[in-house]
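# Report on the structure
Take a look at the letters that make up each chain.
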Amino acid sequence: MNRTWTVFKYELINTISRRSFILTLILVPLVPALILGVINILGDHQTQAIQELFIPDTKISNNEGYVDQAGLIQSLPEWLPKDRLAPYPDEDSARLAMDEGKITAFYIIPENYIETGDVRYIRTDFNPVTGFEQSEMLNQVLRFNLLGGEGELYQKYQKTMTFEFVNLKSEVLERDQDNPLTFYLPYGVTLLFYIIVLTTSSLMLNSVSKEKENRVVEILMSSLMPTQLFTGKIIALGIAGLLQMVVWFGSGFIIMRLGGTTLNIPANLQLPPSLLLWSILFFLLGYGMYGGLMAGIGAIVPNLREASQASYVIIIPVIIPMLMIGSTINDPNGMLATAISIFPLTAPVAMITRLSTGIIPLWQPILAAFLLLGTVILVIRSVAGLFRSQILLTGQKFNIIIFFRALLGKV
């Protein structure tokens, strides 16, 4: 046990103290946080900067007038500043007021406005910033009057309509499929989880292969048992990967909560807090399975180059959910998405995709976790059998048949 602890401490300290590990641990959550900060700064100062660029003299009056030939404007809303929009009986009086500097521009609402929707906008110059801003003001005034001048009715009209899409078949709340975040948020979570599981599992492969290639394993075998070496490595590297995942995912949740308003993320698109707990569980199980298989490859091949080539055979199942991520996000409760999220070899990545898209039946992630746990136990027991002196000290060219026979204890 003491020797296992020694291997554990060495691998853990050696991994988390690497400059590359520390930089990725910090930079991955730091970069989106900085981007969000820049968006906030620009959002606060963008209007002021535009005004300074296009409107050097802010003391110039923005008061305007209107000539209502259609007789639509009966009253002005209370929220409109006083004298901001002044009525004039005809075009000549409006032009005179503009020449005297009382107004900067005026509108002519023709008699056939209801049929055409056309309004004439007259001013001495054209400013692309204030021009569009002021025309929107008149547009709101016209809407206010067309709704009978009722403030409450106008506020309800202005409020964006929200929809709740309910699928009666599955009886779960669905997300707005027209919002691009409906796809990109689950895609980003899945991609991040995929990278963490794969890179952490690859650490196990690199560690074992390098020690065999450098013949360090020959020295280690003289002072500890092969199973002690395997146990210490897989636990240490798993904790390092878990630390990375908790920091990245935790930072992601904080950034989304703090930046939800800035990024205009609707409440129904926010990732549920329970996703972090499920991510920890499926990371540990996914790493246990793929990290164990990577360790088995590292134990049986003679060098790192052949180990890297052989690892492609192992990672094919974990790539499948990434290839099917579009259909999984669009139909998370479909038969195909459900099947690959429960099948142990594809479950870690596929289940996280489904959990990040919305509500799924609770029994499915629980069933997937139990099936994955059973697979992890079988893999760990089989790979532990590969950590024998006669295998670690020799090594041979990788052969997929020999590898699976070795897992079954027939080599």
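If you're wondering where the values come from, they're calculated on a predicted model, not measured in any experiment. For every chain, the first residue of the written sequence is number 1, and numbering continues from 1 along that sequence. Local features in this predicted model are restricted to residues whose pLDDT is 70 or higher, and side-chain atom pairs enter the listing and the counts only when it is 80 or higher, whereas totals over whole chains, interfaces and linings include all residues. Think of the side-chain values as coming from all heavy atoms in the structure, minus any hydrogens and water.

### Concerning the pattern of salt bridges
In the sections that follow, a salt bridge refers to a side-chain nitrogen of Lys or Arg positioned within 4 Å of a carboxyl oxygen of Asp or Glu. Counted according to the given criterion, the structure contains four salt bridges. Close ionic contact of Lys102 with Glu100 constitutes a salt bridge, the shortest N to O distance being 3.4 Å. Salt bridges sharing partners connect three or more residues here, namely Glu91, Arg95 and Arg120.

### A closer look at the packing of aromatic side chains
The aromatic pairing rule takes the rings of Phe, Tyr and Trp, using the six-membered ring of Trp, and pairs them if the centres are within 6.5 Å, calling planes under 30 degrees apart stacked, those over 60 edge-to-face and the rest tilted. Under the criterion given, the structure shown has five aromatic pairs. Plain terms: the ring middles of Tyr107 and Tyr121 are 4.6 Å apart, the flat faces sit at 20 degrees to each other, and that makes the pair stacked. Residue Tyr107 is found in strand 3 (residues 105-109), and its partner Tyr121 is found in strand 4 (residues 120-123); the two are separated by 14 residues along the sequence. With centroids separated by 6.1 Å and ring planes inclined at 15 degrees, the aromatic side chains of Phe283 and Tyr287 adopt a geometry described as stacked. Highlighted residues: Phe283 and Tyr287, both in helix 10 (residues 274-300), separated by four residues, approximately one helical turn. For the pair Phe283 and Tyr287, one class covers both residues: buried. The way it works is that DSSP assigns letters per residue, a run of H or I at least four long becomes a helix, a run of E at least two long becomes a strand, and they are numbered from the N terminus. Burial classes: relative accessible area under 20% of the type maximum marks a residue as buried, over 50% as exposed, and values in between as partly exposed (1.4 Å probe, protein chains only).

### Some details on helix 13 (residues 335-342)
Three or more residues of helix 13 are buried, namely Ala337, Thr338, Ile340, Ser341 and Ile342. In this structure, the buried side of helix 13 is in contact with helix 12 (325-330), helix 14 (347-357) and helix 15 (363-386). Contacts were defined at the residue level, with two residues in contact if any of their heavy atoms lie within 4.5 Å.

### A look at the side chain of Ser311
Looking at the element boundaries, Ser311 is found in helix 11 (residues 304-323). Among the residues examined, Ser311 registers a relative accessible area of 9% and is labelled buried. With residues up to four places along the chain from it excluded, the contact list for Ser311 reads Leu205, Met294 and Ile297.

### Considering a nonpolar patch on the surface
Like-charged residues within 9 Å of one another, or nonpolar side chains (Val, Leu, Ile, Met, Phe, Trp, Tyr) within 5 Å, are grouped into patches, provided each residue has over 30% relative accessible area and no salt bridge. Residue burial considers only the protein chains on display, and all accessible areas are found by Shrake-Rupley using a 1.4 Å probe. Taken together, the side chains of Ile22, Leu23, Ile26, Leu27, Leu30, Val31, Leu34 and Ile35 define a hydrophobic patch exposed on the protein surface, amounting to about 690 Å² of accessible area. For Leu34, the position within the fold is in helix 2 (residues 19-54).

### A word on the environment of Ser327
Considering the arrangement of structural elements, one finds Ser327 in helix 12. On the basis of relative accessibility, which here comes to 40%, the residue Ser327 falls in the partly exposed class. Sequence spacing of Ser327 and Ala337 is ten residues, and the spatial spacing of their C-alpha atoms is 7.5 Å. Here a polar contact is taken to be a pair of N or O atoms separated by no more than 3.5 Å, where protein atoms must pair a possible hydrogen donor with a possible acceptor and residues adjacent in sequence count only if both atoms sit in side chains. Engagement of the side chain of Ser327 in a polar contact is seen with the backbone oxygen of Met324, the distance being 2.9 Å.

### Observations regarding the packing of helix 10 against helix 15
Axis separation between helix 10 and helix 15 bottoms out at 9 Å; the angle between their running directions is 25 degrees. Considering the angle they form, helix 10 stands roughly parallel to helix 15. The chirality of how helix 10 crosses helix 15 is left-handed. Contacts between helix 10 and helix 15 pair Trp278, Leu281, Phe282, Leu285, Gly286, Gly288, Met289, Gly292, Leu293, Ala295, Gly296 and Ala299 from the former with Pro365, Ile366, Ala368, Ala369, Leu372, Leu373, Thr375, Val376, Val379, Ile380, Val383 and Leu386 from the latter. In this classification, the charged set is Asp, Glu, Lys and Arg, the nonpolar set is Ala, Val, Leu, Ile, Met, Phe, Trp, Tyr, Cys and Pro, and all remaining amino acids, among them Gly, are polar. When the residues that make up the contact of helix 10 with helix 15 are grouped by side-chain class, the tally is 19 nonpolar, five polar and no charged. Helix axes use the C-alpha atoms of the stretch in contact, all axes being lines fitted to C-alpha atoms, and the angles between their N-to-C directions lie in the range 0 to 180 degrees. Oblique is the label for any angle not under 35 degrees, not over 145, and not in the 65 to 115 range, which are roughly parallel, roughly antiparallel and roughly perpendicular in turn. Two helices cross in a left-handed way if the nearer one is turned anticlockwise from the farther one by less than a right angle. They cross in a right-handed way if the turn is clockwise.

### Some words on helix 14
Buried residues dominate helix 14, accounting for eleven of its eleven residues. Phi turns positive one or two residues past the end of helix 14, at Gly358, with a value near 155 degrees.

### Some points on the nonpolar core
Residues belong to one nonpolar core when they are buried, are Ala, Val, Leu, Ile, Met, Phe, Trp, Tyr or Cys, and are joined through side-chain atoms within 4.5 Å. Residues Phe193, Met204, Phe282 and Phe387 are the most contacted members of the largest nonpolar core, which totals 62 residues. Of all the secondary structure elements, the ones that give two or more residues to this core are helix 1 (2-16), helix 2, helix 7 (181-213), helix 9 (226-259), helix 10, helix 11, helix 14 and helix 15. Grouped together as the second largest cluster of nonpolar side chains are twelve residues, Tyr66, Leu72, Ile109 and Leu142 included.

### A few points about the side chain of Thr346
Relative to the helices and strands, Thr346 is located in the loop between helix 13 and helix 14. What makes Thr346 buried here is its relative accessible area of 5%. If sequence neighbours within four positions are ignored, Thr346 has contacts with Pro317, Ile320, Pro321 and Ile340.

### Concerning the pairing of strand 1 (residues 64-68)
Counting buried residues in strand 1 gives five out of five residues, a clear majority hidden from the surface. Here strand 1 shows two buried faces, one formed by Glu64, Tyr66 and Asp68 and the other by Gly65 and Val67. Here, a strand pair is defined by DSSP locating no fewer than two bridges between the strands. Examined bridge by bridge, strand 1 and strand 2 (residues 85-87) share three bridges and lie parallel to one another. When the bridges of strand 2 are listed, Tyr66 appears paired with Pro87.

### Examining the sheet that holds strand 3
One open sheet holds the four strands; their spatial order is 2-1-3-4, and the pairing between them is mixed. What marks the edges here is a single partner per strand, and that holds for strand 2 and strand 4. Strand-to-strand, the axes of this sheet are offset by a mean angle of 25 degrees, without reference to chain direction. Sitting on the sheet, helix 3 (residues 91-99) touches strand 1, strand 3 and strand 4, and the angle it makes with strand 3 is about 170 degrees.

### Topic: the environment of Val376
Following the sequence through the fold, Val376 ends up in helix 15. Considering only alpha carbons, one finds Val376 and Leu285, 91 residues apart in sequence, at a separation of 6.7 Å. Once residues lying within four places of it in the same chain are set aside, the contact partners of Val376 are Leu285, Gly288 and Met289.

### Let's talk about the packing of helix 13 against helix 14
It is at 6 Å that the axes of helix 13 and helix 14 come closest, and there the two elements cross at 135 degrees. Looking at the two axes, helix 13 sits oblique to helix 14. Between helix 13 and helix 14, the residues in contact are Ala337, Thr338, Ile340, Ser341 and Ile342 and Ala347, Ala350, Met351 and Arg354, respectively. Residues of the contact of helix 13 with helix 14, tallied by class, amount to six nonpolar, two polar and one charged.

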